[in-house]
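One-letter residues, chain by chain:
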Amino acid sequence: MEFRDLKKQYQTLKADIDRAMTDVATSAHFIMGAPVKELEQQLAEYVGVKHCLSCANGTDALTLALKALGIGKGDAVFVPDFTFFSTAEVVSLEGATPVFVDVDPRTFNMDPKSLEEAVRCVLDQMTLRPKAVIAVDLFGLPANYPAIREIAKKEGLYIIEDGAQGFGGYVRRPKADTGGFEIQRACSFGDISTTSFFPAKPLGCYGDGGAVFTNNDQWAELIESYRVHGKGSFKYDNVRIGLNSRLDTLQAAILQVKFKAFKEYELTEVNKAADYYSQLINGMTKFIKKEIQITTPYIPNNYTSSWAQYTIQLSVPSGNGTFNRQALQAKLKAKGVPSMVYYPTPMSKQTAFKEVHGYVLTPNAQRLSDCVLSLPMHPYITREEIRFVAESLISSL
Ligand SMILES: *Cc1c(COP(=O)(O)O)cnc(C)c1O
């Protein structure tokens, strides 16, 4: 069994992907060929924002967002303590200071109360200017943007949405008068939003890739410049220091095929898989040792995840010993079930950030890094495989 079965996906889409790759090779427009612009338009329309600018990877997408917003030395940027390293790395790379914020123990996403507290602490110390917040849609679930937006408004912060894992997720909102609903998709929640097309993300390519989304014309123009060496009116007119960060035509062509499958059925399939996992695991917990508690993922009302990961929590509520996750992973592996720990170390405990000042305590991030376990999840996983994983998990406990 694969943790994320990209081979099965390729076998399913093979004819179209092969044709797309051959077409690019035949055209020989390897950089900024027609599929790049086409894909950008398709993604912008799906997400519901004016501009989509593709780039080399999800980390660069964040860097481009920070550059467009003019964030640098002396600026505090609030990031969740429980995330992938990139979210905080880019802040330091731009010379700004990451301020780690605790997360909600149920959604894994930034806790607005902790954000508010962190902003207050930074203001009290008067050494940094609070400038932006990078909220992450962890494991595919959009963050609590209404609450984050309220704080950002009050404190004058920009919101960057790190939707590297969130692409495709959405929030339903009752529509005034009609009685119906309208949906808002991930990558439209930030002033600038980003995503990644790393192969294992919800929408992945066959290498590295990423994109930036915004409704703001001025920022879009800046990002367009920054991604090609700070170009001005043309490529050899350089008006600022930028990056070489473009999405290859080959990757854009592959993504066009995969995006179609993503919209048509993959997003639905991962949601069905997640429901089945939770139903099975919750139904079987009565068979495990009483002191071990399994918590299946929590999805708030009206939220839909794109299931970058299906992550459970394993805890020993009464005991003083911590749960032996490594032993469980070994047992699962012996049964042929791969599992992963996303993430074993909070940002505030990373060696690279040992000089970074901690403003608020992050007990939830600390606890989650000890108790999370991600199970195989992808659109092509079968009900039999899900059942096998769930049964292997329960029997291993
Ligand atoms: C994967 C990821 C990134 C970085 O994307 P790359 O394309 O690998 O550079 C950033 N943030 C989060 C939360 C991620 O999961």
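Throughout what follows, the structure given in this document is the object of discussion. Predicted, not measured: the structure shown is a model, and the values here were computed from it.

Definitions and cut-offs
Residues numbered from 1 in each chain as written. Predicted model: local features only at pLDDT ≥ 70, side-chain atom pairs only at ≥ 80, totals over all residues. Heavy atoms only, no water. Pairing = 2+ DSSP bridges. Helix = DSSP H or I, 4+ residues; strand = E, 2+ residues; numbered from the N terminus. Buried < 20%, exposed > 50% of the residue type's maximum accessible area, 1.4 Å probe, protein only.

### Side note on the sheet that holds strand β6 (residues 170-174)
- Read across the open sheet, the three strands follow the order β7-β6-β11; overall the sheet is antiparallel. The two strands at the open ends of the sheet, each matched to only one other strand, are β7 (181-185) and β11 (303-304).
- When β6 meets β11, the two strands line up antiparallel, connected through two bridges. By the bridge assignment, Val171 is partnered in β11 with Tyr303.

### As for the pairing of strand β9 (residues 210-214)
- The element β9 is largely enclosed, with a buried count of five among its five residues.
- Of the two faces of β9, the one holding Gly210, Val212 and Thr214 and the one holding Ala211 and Phe213 are both buried throughout.
- Bridge count for strand β1 (residues 51-55) against β9 is five bridges, and the pairing is antiparallel. Bridge pairing links Leu53 to Val212 in β9.
- Two elements, strand β8 (residues 192-196) and β9, share five bridges in a ladder whose sense is antiparallel.

### Considering unusual backbone geometry
- The peptide bond linking Tyr342 to Tyr343 adopts the cis configuration, its omega dihedral lying at 5°.
- Locating Tyr343 in the fold gives a position in the loop between α9 (325-334) and α10 (363-371).
- Located in the positive-phi region is Phe108, a residue other than glycine, with phi close to 70°.
- As for its position among the elements, Phe108 is in the loop between β3 (97-101) and α5 (112-125).
- The phi angle at Trp307 is positive, at roughly 50°, despite the residue not being glycine.
- Inspection of the secondary structure puts Trp307 in the loop between β11 and β12 (310-315).

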